[in-house]
Amino acid sequence: MAHRDPRRLSRRQFALLGTQVAGAVVTVLLGIPIVGFLISPLFRQQQAVWREVGDIGAVPDRQPTKFDVSFPLGEWTSANVNLAVYVVKINADYRIFSNVCTHMECPVRWETSLGQFLCPCHGGLYDMTGNNVGGPPPKPLPQYVHRIEGTTLFIQNRFTESV
Amino acid sequence: MGRISAAYNWFDERTAIRSLIRKGLYEAVPVRGAWFYTLGSATLVLILLQLITGIFLTLLYVPSVSEAWASLHYLAQHDAFGSIVRAIHLWSAYILLFVIGLHMVRTFFSGSYKRPRELNWVTGVGLFVLVLAMAITGAFLPWDQAAYWTAVVVTNIPVYTPFIGSFLRALWRGADTIGPTTLSRTFGIHVWLIPAILFPLIGAHLALLRKHGEFGSYVNYRGAYRSREGVDVPPAPKQRPIEPPYPAVPTDELWAAPLETEDFYPHQTFKDGVVSAGLVILVFILAVAIGAPLEAIADPSTTSYTPVPEWFFLPLDELLVLVPQQLIPLVLVLPTVGVLLLLALPFIDRDPERNPFERPAVMVPGAFAVLFVVLLTLLGSGRLFNL
Amino acid sequence: MSALIALIAPALHLLATELPSQAPQGNNRLAAQAVIGSLFSLHILIAGLVSGAGEIGPAIEFLGFVRQRRRYDRLAHGLGHFMTLYFSFSSAIAILLITVLLVGYWGHFWTTMVTIGWWPLFIEAWTFVLQVSLAYIWYYAWEPLRAFKGVHMAIGGLLAIASFLQVYMIDIIASYMLTPTNPQNPLRLALNPTSYPLTVHRTIGNLAYIGFAFGAFCAIRFLRARNPEDKAFYDWAGSFGLLWGVAMTLMQPIIGYSYAKEIQLHSYGSWYKMMFGTLSPVFLWQITLLGIMFITATLYFGRRLRTDGARGAGLLRLMSVGLVLTTLLAAMPYHLGFTYADVAAAGLNRPFWEGGLINPLGSMIPWKVLALMFYTLIAIAAVVWYLRGLPGVIWGSARRGEQRILMLMAVLTMLMIVTMGFIRENSRGPFLISGEMTIQGQQNTQNPQPTPAP
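What you see is a predicted model, and the numbers here were worked out from it, not measured in a lab. (Residues numbered from 1 in each chain as written. Chains lettered and ligands numbered in written order. Predicted model: local features only at pLDDT ≥ 70, side-chain atom pairs only at ≥ 80, totals over all residues.)

Undergrad: Tell me about the overall build of chain A, and please be specific about residues and values.
TA: The helix and strand tally for chain A stands at one helix and ten strands. Mapped from its N terminus to its C terminus, chain A presents α and β elements in the order α-β-β-β-β-β-β-β-β-β-β. Taking 163 residues into account, the globule formula puts the C-alpha radius of gyration at 15 Å, and chain A, at 28 Å, lies well above it. By its C-alpha atoms, chain A is 100 × 35 × 25 Å across when sized along the principal axes. Considering only contacts within chain A whose residues lie at least 6 apart along the sequence, 40% involve residues at least 24 apart. (Helix = DSSP H or I, 4+ residues; strand = E, 2+ residues; numbered from the N terminus. Rg over C-alpha atoms; globule rule 2.2 N^0.38 Å. Contact = placed C-beta atoms within 7 Å.)

Undergrad: Describe the overall build of chain B, with residues and values.
TA: Scanning chain B for helices and strands turns up 14 helices and two strands. Within the span of chain B, comprising 387 residues, buried residues form 37% of the whole. Taking all contacts inside chain B whose residues are at least 6 apart in sequence as the whole, residues at least 24 apart take part in 78%. (Buried ≥ 20, exposed ≤ 12 C-beta atoms within 10 Å, placed from the backbone.)

Undergrad: With reference to specific residues and values, describe helix 5 (residues 118–140) of chain C.
TA: Taking 1.5 Å as the rise per residue, helix 5 of chain C with 23 residues should run 33 Å; its terminal C-alpha atoms sit 33 Å apart, in good agreement. Those residues of helix 5 of chain C that are buried are in contact with helix 2 (26–67), helix 3 (70–105), helix 6 (149–178) and helix 7 (186–190) of chain C. (Expected span 1.5 Å × (residues − 1).)

Undergrad: Please set out the sheet that holds strand 7 (residues 124–126) of chain A residue by residue, giving values where relevant.
TA: Residue and element names in this part refer to chain A. Pairing within the open sheet is antiparallel, and its four strands lie in the order 5-6-7-8. For this open sheet the edge positions go to strand 5 (109–111) and strand 8 (132–134), each flanked by a neighbour on one side alone. Within the sheet, the average angular offset between the axes of one strand and its neighbour, ignoring direction, is 40°. (Pairing = 2+ DSSP bridges. Axes fitted to C-alpha atoms, helices over the stretch in contact; angles between N-to-C directions.)

Undergrad: Lay out the sheet that holds strand 4 (residues 93–98) of chain A in plain terms, naming residues and giving numbers.
TA: Residue and element names in this part refer to chain A. If you walk across this open sheet you meet the three strands as 2-3-4, and the pairing is antiparallel. Lying at the two open borders of the sheet, with one neighbouring strand each, are strand 2 (65–72) and strand 4. Sheet twist, expressed as the average angle between the axes of neighbouring strands with direction ignored, equals 30°. Across six bridges, the pairing between strand 3 (residues 80–90) and strand 4 is antiparallel. Residue pairing across strands places isoleucine 90 opposite aspartate 93, the latter belonging to strand 4.

Undergrad: How would you summarise the domain arrangement of chain A if you had to cite specific residues and measurements?
TA: Looking at the assigned domains, one finds that chain A contains domain 1 (11–41) and domain 2 (50–159). Distance from the C-alpha centre of domain 1 of chain A to the C-alpha centre of domain 2 of chain A: 50 Å. (Domains from an automatic or database assignment.)

Undergrad: Can you explain the pairing of strand 10 (residues 152–159) of chain A? Please cite residues and give values.
TA: Residues and elements named next belong to chain A. By the bridge criterion, five bridges tie strand 1 (residues 50–55) to strand 10 in an arrangement that is antiparallel. Note that in strand 10 the partner of tryptophan 50 across the bridge is glutamine 156. By the bridge criterion, five bridges tie strand 9 (residues 144–149) to strand 10 in an arrangement that is antiparallel. Along strand 10, the bridge assignment pairs histidine 146 with isoleucine 155. Adjacent in sequence and paired antiparallel, strand 9 and strand 10 are bridged by two residues, among which glycine 150 carries a positive phi angle near 75°.

Undergrad: Explain the interface of chain B and chain A residue by residue, including any values.
TA: Many authors give the size of an interface as the accessible area that is lost as the parts come together. Across the contact, 30 residues belong to chain B and 30 residues belong to chain A. When residues of the side of chain B that touches chain A are traced back to their parent elements, those giving at least two are helix 7 (145–156), helix 8 (165–173), helix 9 (180–212) and helix 12 (314–322) of chain B. Ranked by residues supplied to the side of chain B that touches chain A, first place goes to helix 7 of chain B with four residues. Here the side of chain B that touches chain A is built from residues that sort into 17 nonpolar, eleven polar and two charged. (Nonpolar A, V, L, I, M, F, W, Y, C, P; charged D, E, K, R; others polar.)

Undergrad: Can you break down the interface of chain B and chain C residue by residue, with the values?
TA: Between chain B and chain C, the residue contacts involve 27 residues of the former and 25 residues of the latter. Elements supplying a minimum of two residues to the side of chain B that touches chain C: helix 12 and helix 14 (360–380) of chain B. It is helix 14 of chain B that provides the largest number of residues to the side of chain B that touches chain C, a total of ten residues. Partitioning the side of chain B that touches chain C into residue classes produces 19 nonpolar, five polar and three charged.

Undergrad: Tell me about the packing of helix 12 of chain B against helix 14 of chain B, and please be specific about residues and values.
TA: Residues and elements named next belong to chain B. Orientation of helix 12 relative to helix 14, taken along the N-to-C sense of each, is 70°, at an axis distance of 8 Å. When the axes of helix 12 and helix 14 are compared, the pair comes out roughly perpendicular. Two secondary-structure elements touch here, helix 12 through Leu314, Pro315, Asp317, Glu318 and Leu319 and helix 14 through Val373, Leu376, Thr377, Leu379 and Gly380. Broken down by class, the residue content of the contact of helix 12 with helix 14 amounts to six nonpolar, two polar and two charged. (Parallel < 35°, antiparallel > 145°, perpendicular 65-115°, else oblique.)

Undergrad: Please provide a residue-by-residue account of helix 10 (residues 252–266) of chain C, values included.
TA: Residues and elements named next belong to chain C. Between its first and last C-alpha atoms helix 10 spans 21 Å; for 15 residues at 1.5 Å apiece the expected length is 21 Å, and the two agree. In terms of burial, helix 10 is a largely internal element, twelve of the 15 residues being buried. What helix 10 keeps buried is the set Gln252, Pro253, Ile254, Ile255, Gly256, Ser258, Tyr259, Lys261, Glu262, Ile263, Leu265 and His266.

Undergrad: Could you give me a rundown of the nonpolar core, with the residues and numbers involved?
TA: If you look at the biggest cluster of nonpolar residues, it comprises 199 residues, and the most contacted ones within it are A:Val85, B:Trp143, B:Ala147, C:Tyr375, C:Ala382 and C:Met409. With 15 residues, the single largest contributor to this core is helix 8 (residues 195–224) of chain C. Not counting residues up to four positions away in its chain, the partners in contact with B:Trp143 are B:Val65, B:Ala68, B:Trp69, B:Tyr148, B:Leu183 and B:Ala298. (Core = buried A, V, L, I, M, F, W, Y, C linked by C-beta atoms within 7 Å.)

Undergrad: Which residues make up the confidence of the model for chain B, and what are the values?
TA: One rule of thumb: low pLDDT means the predicted coordinates there are not for detailed reading. Residue and element names in this part refer to chain B. Counting all residues, the mean pLDDT for chain B is 85, and 87% of those residues have values of 70 or more. A low-confidence stretch, residues 223–237 stays under pLDDT 50, and its non-local contacts, those more than four residues away or across chains, total 17 contacts. Here the predicted complex scores 0.85 on pTM and 0.86 on ipTM. (pLDDT = per-residue confidence, 0-100.)

Undergrad: How would you sum up the confidence of the model for chain A? Please name residues and give values.
TA: Per-residue pLDDT for chain A averages 88, and the proportion of residues at 70 or more is 97%. Across chain A, the element-wise mean pLDDT spans from 85 in strand 8 of chain A up to 93 in helix 1 (residues 11–39) of chain A.

Undergrad: Give me the lowdown on the packing of helix 14 of chain B against helix 15 (residues 364–389) of chain C, citing residues and values where you can.
TA: Put simply, helix 14 of chain B and helix 15 of chain C touch, their axes get as near as 8 Å, and they point 150° apart. Taken together, the axes of helix 14 of chain B and helix 15 of chain C are roughly antiparallel relative to one another. Judged by the twist between their axes, the crossing of helix 14 of chain B over helix 15 of chain C is right-handed. In this structure, helix 14 of chain B uses B:Pro360, B:Ala361, B:Val364, B:Pro365 and B:Phe368 to contact helix 15 of chain C, whose residues at the interface are C:Ile380, C:Val383, C:Val384, C:Leu387 and C:Arg388. Among the residues forming the contact of helix 14 of chain B with helix 15 of chain C, the class breakdown is nine nonpolar, no polar and one charged. (Left-handed = near helix turned anticlockwise from the far one by under 90°.)

Undergrad: So what about the environment of C:Ala216? Which residues, and what values?
TA: Residue and element names in this part refer to chain C. Position of alanine 216 among the secondary structure elements: in helix 8. Judged by C-beta crowding, with 25 C-beta atoms within 10 Å, alanine 216 ranks as buried. In this structure the C-alpha to C-alpha distance between alanine 216 and glutamine 403, which are 187 residues apart in sequence, comes to 7.3 Å. Sequence-distant contacts of alanine 216, that is, excluding residues within four places in its chain, are made with Leu406, Met407, Met409 and Ala410.

Undergrad: Give me the lowdown on the environment of B:Gln50, citing residues and values where you can.
TA: Residues and elements named next belong to chain B. Inspection of the secondary structure assignment puts glutamine 50 in helix 3 (residues 38–57). Under the C-beta neighbour-count criterion, glutamine 50 is labelled buried, with 22 such atoms within 10 Å. Taking the C-alpha atoms as reference points, glutamine 50 and aspartate 263, separated by 213 residues in sequence, lie 29 Å from one another. Those residues in contact with glutamine 50 that sit more than four places away from it in its chain are His89, Ser92, Ala93 and Leu96.

Undergrad: Explain the environment of A:Met128 to me, and be specific about the residues and the numbers.
TA: Positionally, A:Met128 belongs in the loop between strand 7 and strand 8. Filtering out sequence-adjacent residues up to four positions away, A:Met128 remains in contact with A:Arg62, A:Pro64, A:Val88 and A:Ile90.

As structure tokens, this is what we get:
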């Protein structure tokens, strides 16, 4: 055999390289859109909208009162979702709480017999001002971004701080 | 008869099916301890039951937030047979989780993860995690109150991971809160993604089992294994010569082949059949008697509903109740460490000793781990009855 | 015996008279509480052993059958013998209490309780009959049924079930007194929020107690034994009992924590009294005692291995040190005053380095929770390392020090049981049935104390 230039690829090496390149091309061309699709929700922002809750002039002092507000679920669906709003009036100050527990997001309820908000899942307790007084929840009860025009309450479907 | 065997020969010439059947049916299995081995086939039968009932359920169920509950409600109201299919799917899932737990405890107890069967165990742990994932993702799909709040709590658990917690949560939910994307993603994961990994893994698990044979448990050798005291145990008979094709790799003489074997078909298949049929009958009875409940449609604004976890989720949920706020990441750490320890088990415990009483360093922590899970389930079970 | 008669003679007088129309008042009440408290403690100290023996004896027999070792059989036989000897004594006290003393002193309360808990008590009575018959059959049919071990073990299994049910039924009554629920619904009565945790807690506790107790008994027998076969047996049995006791006890922190959680959720006043109120020093003593128990047990493990030069003794000594540190952490008080209320009233509820009387390192969350976790983990490690070192141990060669430790463990366990009982019964005060009936026998018609619903 004639003296071969070691820099030149043999037939076998060429085939090997070609297989790997073909595999890599398919993987990349398939992988990028799929991975991008999977992580795309991290970069989509849910638009927050305002909705009217109702007239809160009649809410008694120190007695959390529940209102239901309908918000669009968003994305592609036309369905709506009901959100619960607890309006607490302490002297002249209004707190607008959601019923989302800061532990595991279970539905919190006001217990009149306790004088506290109770989360039935794991026994979390919040007082009337939303502060933690018992159980595992790590943060106070979340409040909705809101505005009050006269005696009408409007809220956005997002919290003042993320849960 | 001539024509049938001629047809069979024609077929065999073109597909080599005779040798395949022979290999499959006439494997040597040990005589002693064979009833314990039925748990594996019972698991397989129940998984196949899930596959079949699940496929037929997709002929009606709609994975949309506004239609999911409605489609299942329609099923419950107007379709008696369809309701039974759904109920079988539910009860078979519950019993599958129970049987897979028993199967794991049995293989752990008998040291069946030791050389050369380490990968069998590793694939098995993978299967366990995937089956659990199927159960959890399946629980979201009805989108009734129970499903909705399960989805909320389960998808919220990753948020306690340091640094990437909220990203992980948004990845699954499709946003920061539960929405249409959550249901669509979970449906795709439950029906396609996990089964696409699960079934090849089952194939690998079974292939490995066949490669190394169904023995190696110390139960096969009772009477031959001399205890340390040598009391009340007859002397070991001459160890039988090891026959091909076992062992696939050189292994300890004592555990290589049992004293007595018989054919897989019909002896083991009989035992497998009895146990599997019994379990399927049990599933059927539960499905018809109790059925699959469907609660009210999901309502995030509820202030009267008390979310109750699925029974297999109780240990984790009880941890969530007990663990104080500063130690919540423990709820993530404990299951992760548990699964990692399970995966690493064959590589930590390399002692060839199989008798469970002679290896306390593995048995005792394992027994306590099982006991603690059972204990947590028991302690949290009061909430199942809505007390 | 005569002391017992002296105690109950005044109560017997009650049988001849009409039942008092109200619960004892004033000093009489304190005396009556003391009598009932002491008798109940005595009852539990023995009945706990009997229940534990009924559960663990058959298990040991089965274990011996599987492992083909005679000494397990001998131990189980001994436990059966114990049951036949002491069953009647503890039952007599219990019967005396529920038919004479409770009826006589707190008739209104007890008749209410029997009315509410009719079915549990009915089932209890029958499992009692079952338990005593099975215990005697199991013990006396040992040799006759030696060729039919399966049958004998089945009888033992039934005995274990009967023993468990007995404890479960009475725990329904006891837990109802703490967290009463809808009495009309028998299922809710049986599944009231603290019945599960209490039953699990007491069952595991009984199993631990019998282990420590026969460990101490075998220690005494070992010191008296003369022939080597007996010495080997008692040495092994003492070690086995301690091992068993520790294995059960290390599960108690999580069970107890969960039990306390249920009490917090459903009987807040009782919980507060235990954690921050007048019982908090006793509760602090309890967690310290738990640590002392684990330290003592690990000292035995280390010593026993070192006696025979088996491997692992050094590591066990290290674990003892770890347990000492954990106990020190657990033993730290949170409020450096008798109750938290005292400290708050004095205006000193701030950390001690700011001039106050609060020790943040003594808070339950997260420090004592971490201490409890460490108790459990180190105890599991100690059990595992002791078992690993056992092949190097020669039974019969133990020294006196190990036997003394075994006897100490039994004493500590009895102390723990009495402490628990004291805390339990007094935390509920002033109620006999939380929120519904006071110790004075008055029905409480006011709103019950705030207790979160599940």
